[in-house]
Amino acid sequence: MMNAQDSELIRHNWTVEESLALLQRPFNDLVFKAQAIHRQYFDPNTVQVSQLLSIKTGACPEDCKYCPQSTRYDTGLEKEKLLEIDKVLREARAAAASGATRFCMGAAWRSPKKKDMPYLVEMVREVKQLGLETCMTLGMLRPEQAQELADAGLDYYNHNLDTSPEYYGEIITTRGYDDRLDTLANVRAAGLKVCSGGIMGMGESPRDRAGLLVQLANLSVHPESVPINMLVRVAGTPLANERELDPLDFIRTIAAARIMMPRSHVRLSAGREQMNDSTQALAFLAGANSIFYGEKLLTTSNPAANKDMELFQRLGIRPEGYAEGQLGGAEPLPVNCPRRDGGKQQFYDATVN
Ligand code: SAM
Ligand code: DTB
Ligand code: SF4
C-alpha cells in the first residue's frame, strides 16, 4: 500500500536529466539526501548478506567484455560442468552457518536449456529447505522457465541491465537491451522478486550511469534488489586495462540509486576487495544495504568473511535478519546457524541506538 510519503518518493517517471543532475550534485548534499531517504525506509545500521556460488563456470558463448567467463577471452579460467546438487547443498549449508540469509546461484549461460530445468527446480527446493532465501542468475529466461522456477519456490532472479541502452552495444553484442528487459518482464510476471543493476567503471560516462538508473527506476515495479558492481578488471578480458573509476563517482551512483529506488535493497556488489574500508563505509552511508559475503564472488575473490564482520563491527552494522526479535527465514534452521542465537556471538554484540 502506498502512503502519502511513498507516492511522492516512489516514482517511475525519472528523466535522464534529473538522474544526471542528482549524480552531479555537491557530494555532501547528494549523500545527505540519500541517507535521509534511506532512514525513511530502512534501519540504517542493518545490511542484508547474500552468498554467491557459481554452479556452472566458464565457456559462456556470450561476449560480455567485462566477463572472465566468456569463451571468447583467454582469462585462464578453469571451466566446470554443472555442480552436483550435493555439492551445492554443502556450500549452501556453509553459507547459512556463516551468516548469509540469501544464497545466489549463478551459471555462465546465455539461457538455461530445457534439460537443465529439472536440476534447477530440485536445487531451489533443497536450498530453500535449509531456511535460506534463494536467488538464481542463469541468463535469459522465457516466461515458462521463469514460472517453473517460481513454482519451485525461487525467491529472486538476478539479471542485470549492466549499463545505459546507449552504451550497451559497446559492451555486449550477442544479445540486446530489449532481450534483457524482456527477461525482467518475464521474471516479474512469474511473481519472482527482481534483482537488477549494473557495472560501473566500464568506460561509461556519467550520463550512461544516469541512463541505467532511469531504466531501473522506471520499471513498473522497482527491482527489490539493485546490485551496483564496480568492474573487476580481469586479465584477458577486453576491459582489463580500463581506467579505474573514481571511487567517489561509484558512491554517487549508489546514492542516486537509493534516492530513485527508496524501498529497494541497493547492493554494494562486486569490486569490494579492491576498495578500502572508507569507501565501503561511504557506500553504506550513501544507502547501500546489501553485500555479497564469502571469499569468492563467482570466479573472482571477495573480502574474507572475518574481515567483513570486523568492518561491520567497526561500523556498528548488523547483518539483516539477526537482530533479536527479527529472526527471519523458514524453520528448521541448520545446525550452527547463528540465527539460532540471533547471531550475537558471531557478529555483533554492541548496542547501537
Ligand atoms: N550468465 C548470466 C548473465 O549474464 O545473466 C549470469 C551470470 S553473470 C556473471 C551475472 C552478472 O555478473 C553480469 O550481468 C554482470 O553484471 C556481473 N559481472 C560479470 N563479470 C563482472 C566483472 N568482471 N565485474 C563486475 N561485475 C561482473
Ligand atoms: C551481480 O550483480 N554481481 C554478481 C551477481 N550479480 C551474479 C556477480 C559478480 C561477478 C564478478 C566477477 C566474477 O566473480 O566472476
Ligand atoms: Fe556469459 Fe553472463 Fe559472463 Fe555474459 S556475464 S559472458 S552471459 S556468464
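Keep in mind that this is a model prediction, so the values were computed, not measured.

## Points about the overall build of the chain
Counting its secondary structure elements, the chain contains 12 helices and 10 strands. By the compact-globule yardstick of 20 Å for 353 residues, the chain fits well, its C-alpha radius of gyration being 19 Å. Overall size of the chain, expressed as C-alpha extent along the three principal axes, is 50 × 50 × 40 Å. By the burial criterion, 58% of the 353 residues in the chain qualify as buried. At a minimum sequence separation of 6, the contacts of the chain that also span at least 24 residues come to 74%. A total accessible area of about 15,300 Å² is found for the chain, and carbon and sulfur atoms account for 49% of it. Counting 40 positive and 45 negative side-chain charges, the chain places the centres of these two groups 1 Å from one another.

## Considerations on the site of ligand 3
Around ligand 3 lies a shell formed by Cys60, Glu62, Cys64, Tyr66, Cys67, Ser70, Ala108, Trp109 and Arg175. Put simply, ligand 3 lies in the largest cavity. Here the shell around ligand 3 is composed, by residue class, of six nonpolar, one polar and two charged.

## Quick word on the site of ligand 2
Surveying the vicinity of ligand 2 reveals 14 residues, the closest of which are Asn160, Asn229, Leu298, Thr299 and Thr300. Take Asn229: an N or O atom from its side chain is 2.8 Å from an oxygen atom of ligand 2. Burial of ligand 2 by the protein chains amounts to 88% of its free accessible area of 400 Å². In terms of residue class, the shell around ligand 2 is built from seven nonpolar, seven polar and no charged.

## Describing the side chain of Arg258
The topology assignment puts Arg258 in helix α10 (residues 247-260). Engagement of the side chain of Arg258 in a polar contact is seen with the backbone oxygen of Gly287, the distance being 3.0 Å. Side chain to side chain, Arg258 and Asn289 meet in a polar contact 3.3 Å long. Not counting chain neighbours up to four residues away, the residues in contact with Arg258 comprise Ala34, Ile37, His38, Phe42, Arg263, Ser264, His265, Val266, Ala286, Gly287 and Asn289.

## Some thoughts on the nonpolar core
Ile55, Tyr66, Val88, Met136 and Phe250 are the most contacted members of the largest nonpolar core, which totals 99 residues. Ranked by the residues each element gives to this core, the list is headed by α10, at eight residues. In this view, Val88 contacts Leu53, Ile55, Leu83, Phe103, Met105, Tyr119, Met123 and Val127; residues no more than four positions away in its chain are not counted. Listed in part, the nine residues of the second largest apolar core include Leu52, Cys135, Val232 and Leu297.

## Section: the pairing of strand β2 (residues 102-107)
Of all six residues making up β2, six are buried, and the element is well covered by its neighbours. The handedness of the strand β1 (residues 46-56) to β2 crossover, carried by helix α4 (residues 85-97), is right-handed. With five bridges connecting them, β2 and strand β3 (residues 133-137) associate as parallel partners. Residue pairing across strands places Phe103 opposite Thr134, the latter belonging to β3.

## A closer look at helix α9 (residues 206-217)
Between its terminal C-alpha atoms α9 stretches 16 Å, which fits the 16 Å expected from 12 residues at 1.5 Å a residue. Of all 12 residues in α9, nine are buried; the element is thus mostly enclosed. If you check which residues of α9 are buried, you get Asp208, Arg209, Ala210, Gly211, Leu212, Leu213, Val214, Leu216 and Ala217. On the buried face of α9, the contacting elements are α2 (16-23), α7 (165-171), α8 (177-189), β6 (198-200), β7 (225-230) and α10.

## Here we look at the confidence of the model for the chain
Overall, the predicted model of the chain reaches an average pLDDT of 88, with 90% of residues at or above 70. Note that pLDDT drops below 50 for residues 323-353; the model gives that stretch 56 contacts with residues more than four away or on any other chain.

## Section: the pattern of salt bridges
For the coordinates displayed, the defined rule picks out 15 salt bridges. Note that Glu17 and Arg207 form a salt bridge whose closest N and O atoms lie 3.0 Å from each other. Of this pair, Glu17 sits in helix α2 while Arg207 sits in helix α9, and the two are 190 residues apart along the sequence. Notably, a salt bridge pairs Arg180 with Asp162, separated by 3.4 Å at the nearest N-O pair. In this pair, Arg180 sits in helix α8 while Asp162 sits in the loop between β4 (156-158) and α7, placing the two residues 18 residues apart along the sequence. On the basis of relative accessible area, Arg180 is assigned to the buried category, the value being 3%. The exposure class assigned to Asp162 is buried, which follows from its relative accessible area of 2%.

## Let's talk about the packing of helix α5 (residues 117-129) against helix α6 (residues 143-152)
Interaxial distance between α5 and α6 falls to 8 Å at its minimum, and their mutual angle equals 30 degrees. Taken together, the axes of α5 and α6 are roughly parallel relative to one another. In the crossing of α5 with α6, the sense of the turn from one axis to the other is right-handed. Contact with α5, carried on its side by Met117, Leu120, Val121, Val124, Arg125 and Lys128, involves Gln145, Glu148, Leu149 and Ala152 of α6 and no other residues of that element. In terms of residue class, the contact of α5 with α6 is built from six nonpolar, one polar and three charged.

Basis of the calculations
- Residues numbered from 1 in each chain as written.
- Chains lettered and ligands numbered in written order.
- Predicted model: local features only at pLDDT ≥ 70, side-chain atom pairs only at ≥ 80, totals over all residues.
- Heavy atoms only, no water.
- Helix = DSSP H or I, 4+ residues; strand = E, 2+ residues; numbered from the N terminus.
- Rg over C-alpha atoms; globule rule 2.2 N^0.38 Å.
- Buried < 20%, exposed > 50% of the residue type's maximum accessible area, 1.4 Å probe, protein only.
- Contact = heavy atoms within 4.5 Å.
- Areas by Shrake-Rupley, 256 points an atom, 1.4 Å probe, with all protein chains shown as cover.
- Lys, Arg positive; Asp, Glu negative; His and termini not counted.
- Charge placed at Lys NZ, Arg CZ, Asp CG, Glu CD.
- Near = heavy atom within 4 Å.
- 1 Å grid on protein atoms, 1.4 Å probe; cavity = no way out; pocket = protein on both sides within 12 Å on 5 of 7 lines; lining within 4 Å.
- Sits in = over half its atoms within 2 Å of the grid points.
- Nonpolar A, V, L, I, M, F, W, Y, C, P; charged D, E, K, R; others polar.
- Polar contact = N/O pair within 3.5 Å; in protein donor to acceptor, adjacent residues only side chain to side chain.
- Core = buried A, V, L, I, M, F, W, Y, C linked by side-chain atoms within 4.5 Å.
- Right-handed = clockwise from strand over helix to strand, strands pointing away.
- Pairing = 2+ DSSP bridges.
- Expected span 1.5 Å × (residues − 1).
- pLDDT = per-residue confidence, 0-100.
- Salt bridge = Lys/Arg side-chain N within 4 Å of Asp/Glu carboxyl O.
- Axes fitted to C-alpha atoms, helices over the stretch in contact; angles between N-to-C directions.
- Parallel < 35°, antiparallel > 145°, perpendicular 65-115°, else oblique.
- Left-handed = near helix turned anticlockwise from the far one by under 90°.

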